[in-house]
Amino acid sequence: MRRIAIPALAAVPLLLAASGAAAAPARDDAPRAVRAVAETPSLYDDEAGGDADADDPAIWVHPTDPAGSLVIATAKNGGLRVYDLAARERQAIATPPAPGPDDESGRFNNVDLVAGFRLGGQRADLAVVTDRGRDQLRFYRVDPATRLLTDVTAPGVPFAFSRDQAEVDEQRTAYGLGAYVDPAGAAYAVVSRRSTPEVGVFRLVERAGRVTYRPVDRLTLPSAFTLPDGTAWSPCTDPGDGPQVEGTVVDPDTGVVHLAQEKVGLWRTRLAGGRFAGPPTLVERVREYGVPAAFDPAEDDCVTDYPADPGFGGPIAQDVEGLTIYRTGRLTGTLVVSAQGDDTFHTYDRRSGRPTGRFAVVDGVVDGSQECDGAAVTATPLPGFPGGLLVVHDGRNTPETPGGDGEARPDTDFKFVDAGFLRRR
C-alpha cells in the first residue's frame, strides 16, 4: 500500500486555480433561510436512550418505486437507523459487541452507499459504515423487496488503520467515509482516521458471499501551515491529537475527492485506479485559519484569540463537517458543505468550485438544524420532495426534553428538506 505525506503548506488560493471565480460571499452575508418539512424521531444520547447520537445520513433511492426510498443514518453507539420518506423509523440495527471485556464496542460514525456491488452472483446495493469503536468497515445489503438491511460483513474483517486491538482501544480509528465506484466497476471507500489528518482508500471485495476490504492507498494532510506573512500556524486540537478529517465525498462521475479537515478547510484531490492522483489542494479555508488558539485545560477545549485574527481565513466557520453533492447532470450540480460553527451550509458549483451562496435550515413546521455534522442529498424527485431530498443532521434538537435530573436530555435527529432550492437556474 502506497502512502502519501503532504508537507507543511504555504498559503494557497481559496478557489480552484482553474475556476476564475469571484471571491467567496462575505462572512456577514445573511444565509438563505430554508425549512424542513419532516424530522425523524429524537435520538437520546443517555442510558435510557441507548446512547444514540445522530451523526451522518445517506439516501437510498429505490430502483423502481421512488416512494420506497430510504434514509439510512448512523446513531453512533445506537447503531444504524433506517427511515422512510415520512421520516418514520423502519429499522434499527445494533452495533457489534466489544471483542473483549476491556475493549471498545461498535460505534457507527459515517455511512455511504455503493450501488450494484457484485455479491453472490447478483448485483446488490450496500450501505457502508465506519465503525469507529472497532476500527472496521461494516456492510449492509439493502433489499428492494422488503426495504430492510441485512448485515453482509465478512467474518474477521481487518482493522482499517490500527495494528492491533490495543491500538484500536486508543480510538484513532475509522471515522469519515465516502464511497465510490470507478468506471471499471471497482468499489472503494475513502475513509478518514479519527484524531489524525490521515485518509485511506480501501477496495471492497467479495469473500464467500460476504463483503470485506483491503487497503490500497493512504495520504496524510498537513498539520502545520505557513501563513502569507511568513509565520507558522497549526490548528488547535486536543492534546496529542492531529487536525482530523470527517466530511468525505467522491464525485461519482469524475473521481474528484472532497475532504473536510474540520479546523483547516476544504481539500480537493482525485482518485485514479483507486489511488490518490497527486497531492491534494486546499480550495477553501475555515474562518479561523491562521487565528491563534490554545487548548485550555480548565475549559477542556480550544480557546481562539479572535481579536488577533490576521485575516487569512475563508468564509466557513469551523468545524467544516458534512459534504454531499447535488448531482443534476454528469458534470453539473452543487457541492454542499456544512459549517458546524455557525449552523450554516455553503454551496459551490460542482464543476468549477465557485462559491454560489450559503443557507441555513431554520425553524418552520419542525425546528431547524444546529451543529450539523453529516448531510446527504439527491436530485432525484421523490414523493413529497419534487426537487429532490436533502437530509441534514440536527445536533441540538428542540423543543428540549427534560430528564430525570431536571437537565435537558441530549437530543439529536435528522431533518428532511426539499432540495429544489439547490437547483441553479
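Above this text you will find the structure in question.
Residues numbered from 1 in each chain as written. Predicted model: local features only at pLDDT ≥ 70, side-chain atom pairs only at ≥ 80, totals over all residues. Heavy atoms only, no water.

**A look at the sheet that holds strand 10 (residues 108-119)**
Inference 1: What the four strands build is an open sheet, ordered 10-11-12-13; its pairing is antiparallel. On the outer flanks of this sheet lie strand 10 and strand 13 (149-151), each paired with one strand and no other. Taken pair by pair, the neighbouring strands of this sheet meet at an average axis angle of 35 degrees, ignoring direction.
Inference 2: With eight bridges joining them, strand 10 and strand 11 (residues 122-131) adopt antiparallel strand pairing. Looking across to strand 11, one finds that D112 is bridged to V128. (Pairing = 2+ DSSP bridges. Helix = DSSP H or I, 4+ residues; strand = E, 2+ residues; numbered from the N terminus. Axes fitted to C-alpha atoms, helices over the stretch in contact; angles between N-to-C directions.)

**Some points on the side chain of D84**
Inference 1: Its place among the elements puts D84 in the loop between strand 8 (80-83) and strand 9 (89-93).
Inference 2: A relative accessible area of 9% places D84 in the buried class. (Buried < 20%, exposed > 50% of the residue type's maximum accessible area, 1.4 Å probe, protein only.)

**Details of the pattern of salt bridges**
Inference 1: Enumeration according to the criterion identifies 22 salt bridges in this entry.
Inference 2: For R409, the salt bridge identified is with D46, shortest N-O distance 2.7 Å. Linking R409 in the loop between strand 32 (389-394) and strand 33 (411-418) with D46 in the loop between strand 5 (43-44) and strand 6 (57-60), this pair joins segments that are 363 residues apart in sequence.
Inference 3: Salt-bridge contacts for D342 lead to R358; the nearest nitrogen and oxygen are separated by 3.6 Å. Placement of the pair is D342 in the loop between strand 28 (333-339) and strand 29 (344-349) and R358 in strand 30 (residues 355-362), with a sequence separation of 16 residues.
Inference 4: By relative accessible area, which is 13% here, R358 ends up buried.
Inference 5: Sharing partners across several salt bridges, the network here consists of E39, D367, D394, D413 and K415. (Salt bridge = Lys/Arg side-chain N within 4 Å of Asp/Glu carboxyl O.)

**Considerations on the side chain of S162**
Inference 1: With respect to the helices and strands, S162 occurs in the loop between strand 13 and helix 1 (165-168).
Inference 2: Judged by relative accessible area, which is 9%, S162 ranks as buried.
Inference 3: Sequence-distant contacts of S162, that is, excluding residues within four places in its chain, are made with D135, E167, V168, R172, T173 and R193. (Contact = heavy atoms within 4.5 Å.)

**A word on the state of the cysteines**
Inference 1: All chains considered together, the criterion is met by one disulfide.
Inference 2: The residue that forms a disulfide with C236 is C302, at a sulfur-sulfur distance of 2.1 Å. Taking the torsion about the S-S bond as the criterion, the C236 to C302 disulfide, at about -85 degrees, is left-handed. Of this pair, C236 sits in the loop between strand 19 (232-233) and strand 20 (245-250) while C302 sits in strand 26 (residues 301-304), and the two are 66 residues apart along the sequence. Summarising the burial analysis for this pair, C236 and C302 share the class buried. (Disulfide = S-S within 2.5 Å.)

**Examining the nonpolar core**
Inference 1: Among the nonpolar cores identified, the biggest contains 36 residues, and V190, L259, Y289 and V337 are the most heavily contacted of them.
Inference 2: Setting aside anything within four residues of it in sequence, one finds V190 in contact with G176, L177, G178, V199, G200, V201, T248, V250, V257, L259, L271 and F276.
Inference 3: Among the nonpolar cores identified, the runner-up in size contains 23 residues, and V114, A124, F139 and A187 belong to it. (Core = buried A, V, L, I, M, F, W, Y, C linked by side-chain atoms within 4.5 Å.)

**Describing the sheet that holds strand 30**
Inference 1: Taking strand neighbours across the sheet as the criterion, the five strands line up as 3-30-29-28-27 in an open arrangement whose pairing is mixed. The outermost strands of the open sheet, each flanked by one partner alone, are strand 3 (32-35) and strand 27 (320-327). When the angles between neighbouring strand axes are averaged without regard to direction, this sheet yields 30 degrees.
Inference 2: In terms of strand pairing, strand 28 meets strand 29 through six bridges, oriented antiparallel. Residue pairing for strand 29: T334 is matched across the bridge by D349.

**Focus: the packing of aromatic side chains**
Inference 1: Under the counting rule described, the total for this entry stands at eleven aromatic pairs.
Inference 2: Relative to F414, the ring of Y83 lies with its centre 6.3 Å away and its plane at 55 degrees, an arrangement referred to as tilted. Highlighted residues: Y83 in strand 8 and F414 in strand 33, separated in sequence by 331 residues.
Inference 3: Given the relative accessible area of 0%, Y83 is considered buried.
Inference 4: F414 gets classed as buried once you look at its relative accessible area, which sits at 0%.
Inference 5: In textbook terms, an aromatic cluster arises when at least three aromatic residues are bridged by ring pairs, as seen for F139, F161, F202 and Y213.
Inference 6: The ring of Y289 has R285 lying over it, and the distance from NZ or CZ to the ring centre is 4.9 Å.
Inference 7: Across the ring face of Y44, the terminal group of R409 is positioned such that the distance to the ring centre comes to 3.8 Å. (Phe/Tyr/Trp six-rings, centres within 6.5 Å; stacked < 30°, edge-to-face > 60°. Lys NZ or Arg CZ within 6 Å of the ring centre and 35° of its normal.)

The analysis is restricted to geometry; functional conclusions fall outside its scope.
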